[in-house]
Amino acid sequence: MESTKADIVAALQKQILSLQGFKTSARNKRLDDLLRPIKNAFPNAVFPLAAMHEFISSCPEDTAATSGFISALVSALMQEKGTAVWINAAGKIFPPALQSFGIAAERIIFINLKKEKQILWVMEEALKCKRLAAVIAELPELDFTASRRLQLAVEQSQVPGFILRCQPKSINTTACVSRWQIKSLSSELADGMPGLGFPRWNIDLLKIRNGKPGSWQVEFAAGRFRHINKFPAIEIAQQKQAV
Amino acid sequence: MAKRFVTIWFRYLRTDWFARRQPSLKDQAFVLATPEHGRMIISAANKLAEQQGIFTGMAVADARALAPALEVLDDQPGLSKKLLTAIAEWCIRFTPVAAVDLPDGLILDATGCAHLWGGEKKYLAEIYLRLKEFGYQVRLSVADTIGAAWAVVRFGTGSTIIENAAQKNALLFLPAQALRIDPLVSERLEKLGLNKIGDFIDLPRKSLRRRFGQELLLRISQALGETEEWLLPVQPIVAYQERLPCIEPIMTAKGIEIALERLLDALCKRLEKEGKGLRSLVFKGYRSDGKTVDISIGTNRPSSNRLHLFKLLAEKIDKLEPAPGIELFSLDALKVEDAIAAQENIWETEGGINDQQVAELLDRIGSKFGAEHIHRYQPAAHYWPERSFTLAPDLSATAATTWKQGRPRPVKMLLRPEAIEVTAPIPDYPPMLFRYKGQIHKIKKADGPERIEQEWWLQDGEHRDYYSVEDEAGCRYWLFRAGHYEPSGNTQWFLHGFFA
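Calculation criteria
- Residues numbered from 1 in each chain as written.
- Chains lettered and ligands numbered in written order.
- Predicted model: local features only at pLDDT ≥ 70, side-chain atom pairs only at ≥ 80, totals over all residues.
- Heavy atoms only, no water.
- Buried < 20%, exposed > 50% of the residue type's maximum accessible area, 1.4 Å probe, protein only.
- Helix = DSSP H or I, 4+ residues; strand = E, 2+ residues; numbered from the N terminus.
- Pairing = 2+ DSSP bridges.
- Axes fitted to C-alpha atoms, helices over the stretch in contact; angles between N-to-C directions.
- Parallel < 35°, antiparallel > 145°, perpendicular 65-115°, else oblique.
- Left-handed = near helix turned anticlockwise from the far one by under 90°.
- Contact = heavy atoms within 4.5 Å.

1. Here's the deal with the pairing of strand S7 (residues 200-208) of chain A
All names here are of chain A. Among the 9 residues that make up S7, 7 are buried, leaving the element largely enclosed by the rest of the structure. Pairing of strand S6 (residues 178-185) with S7, which is carried by 8 bridges, proceeds in the antiparallel orientation. Looking across to S7, one finds that Arg179 is bridged to Lys207. Bridge count between S7 and strand S8 (residues 214-221): 6 bridges; the pairing is antiparallel. Following the sheet pairing, Asp204 is matched in S8 by Ser215. Remark: 5 residues form the turn of the hairpin made by S7 and S8, two consecutive strands paired antiparallel; Asn210 in that turn has positive phi of roughly 65°.

Right, here's the structure in full:
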């Protein structure tokens, strides 16, 4: 009896989520693989695609880490032949570096504009175009009205939008579904070898609608995130349990 | 369809122009003169001067004897050509093909144009009136051939509208020089008593050629329409052009929109039928004050989608200044390419960079803010970081090389390397710490150096030794030393980028 009640509640929750725009129909295997370590934070354990995501960074170093994180996401979204629009990054993003995140830079269209109004116009128009894999904009300030417009456009087209806010004046309320903060962590090579290892990030999911915010330390290697192994034995035990 | 040609004869082209510029000259006898062999010779005389017996070719001194109050102005060389070209360009509102006929005329190809003004009579009347408003005294004629129209306008006395296939009758009573022949030939004809064209037009062609040369035969057959005569239009004819003359000048944005919609409909229908798409489009408005205004757009891929093209142009309609009103709209597709028939997808998929919808999105952005804001990068065959990528010329371009892999490259790059102060222990070792923007970063881990040499055939300067370093906080940087380590301490270090 207990279990059936829980099942009914879970089913109802899923229904409500799908009504709210969190569709789980189009599963993207690469994205699922990439985000496996943090998937439990998302509603239905699926990264919300039809949503605006907001990233906050407070210094150039964090912006680089955030750009890397977004690149990893976009790479999974673009898959083999998709294309994405990246607004206001030309001259900041170094195209050859995108290769290390699995993106062929020639498939990204960079649009460079100065005025906030123009950026928002382009972002909204791009979000309405269903053939894009993702739209990314670097924009420090985003007010509630603008973010709601963008969110509405996203819900129509199901094209995820990413806003990268570098050193915003204030962290105000927006209609974005999630808010992230990515910071660099010290990298480590196996067996204490000298030199730089794979990038490690501290991912703070500050806010997520219908999900559970959280904080994770992950390493990005070979196209996927991995929990940092502080205690390898425990993880091995966990893996065994999962199997 | 029979061709119809309008010839315009400017009886007093240059004097009319001078009178237009100086209204005081209007009621005065005046002539234009040019120096010739040390004398001033009259090169043009206005109507009042001609009435006093002054004609072109007279010496100014002789003319002064006839009319002491005669005003003499300096003629400008090349003026006729300049004026006629300008007027011919203005005449494009009446027909797409307008040609200059030096020294004093214009020829318009009016085939299929006159009905838009309600018949040839009204068409000629409109041109006449408009030119009269500018101050030009003209005579106009319309006929099936250029030769006939040319003859009638200069030598004819009766009606100047020559009906279809009636050019022979119209020519019969005109003098021989109406055929545009060498004056020597026409003189010889007159000497033989062949004063009118009708006297010799039916003579055997063989004997005409023997006595008067090939030119006469050519001119006769051109005037009769047996041989085609070619025009050199002042503006090249655009292969894909649509025109819309308006009865009343259009002044409102809504009116312009309606005109644009109609033109686009016609143009796109034609493009679709021929399997073509346009890459660049100019929408022109010919204003009633003689000026033209235009807006233009370009597209990334050949398009014949009228909705999309309308959207692009509609953004710019407010830049068209109608001022006193636009009386003719034209839509010229300057660049037309074969459109690869886009395969319609039953389900929506991500189409990649070559997708029509993506191209249309970029067209919209480009036409609103300028295409220079849209960039796409391609790998370039250079190791020097600043040159390792180039702008792609267009959406469908593919690069000759691939992105290099295996070398660490920072995701965020500074536009220009910024100088930093470092403490480096020994040559070719990564620095122990560096100061950037007043903040000291202690380096915990480092990789390198990766030496990148200058491409001496492109640029002079030092090579760079790049180090990827990580500070205490885990932030990763890309630093380089310009040139070799120098014991004197003058080594320059720079920060070039941030790793993710």
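2. Re the sheet that holds strand S20 (residues 492-498) of chain B
Residue and element names in this part refer to chain B. Here we have 6 strands rolled up into a closed barrel, ordered S15-S16-S17-S18-S19-S20, and antiparallel in their pairing. Going across the sheet, the axis of each strand differs from the next one's by a mean of 45°, ignoring polarity. Here 6 bridges tie strand S19 (residues 476-482) to S20, and the two strands are oriented antiparallel to one another. Considered in S20, the bridge of Tyr477 is made with Phe498.

3. Let's talk about the packing of helix H13 (residues 306-314) of chain B against helix H14 (residues 356-369) of chain B
Residue and element names in this part refer to chain B. It is at 9 Å that the axes of H13 and H14 come closest, and there the two elements cross at 15°. Here H13 is positioned roughly parallel relative to H14, judged by the angle of their axes. In this structure, H13 crosses over H14, and the sense of that crossing is right-handed. Together, His308, Lys311 and Leu312 of H13 and Glu360, Asp363, Arg364 and Ser367 of H14 make up the contact between the two elements.

None of the figures reported here should be taken as evidence of function without further support.
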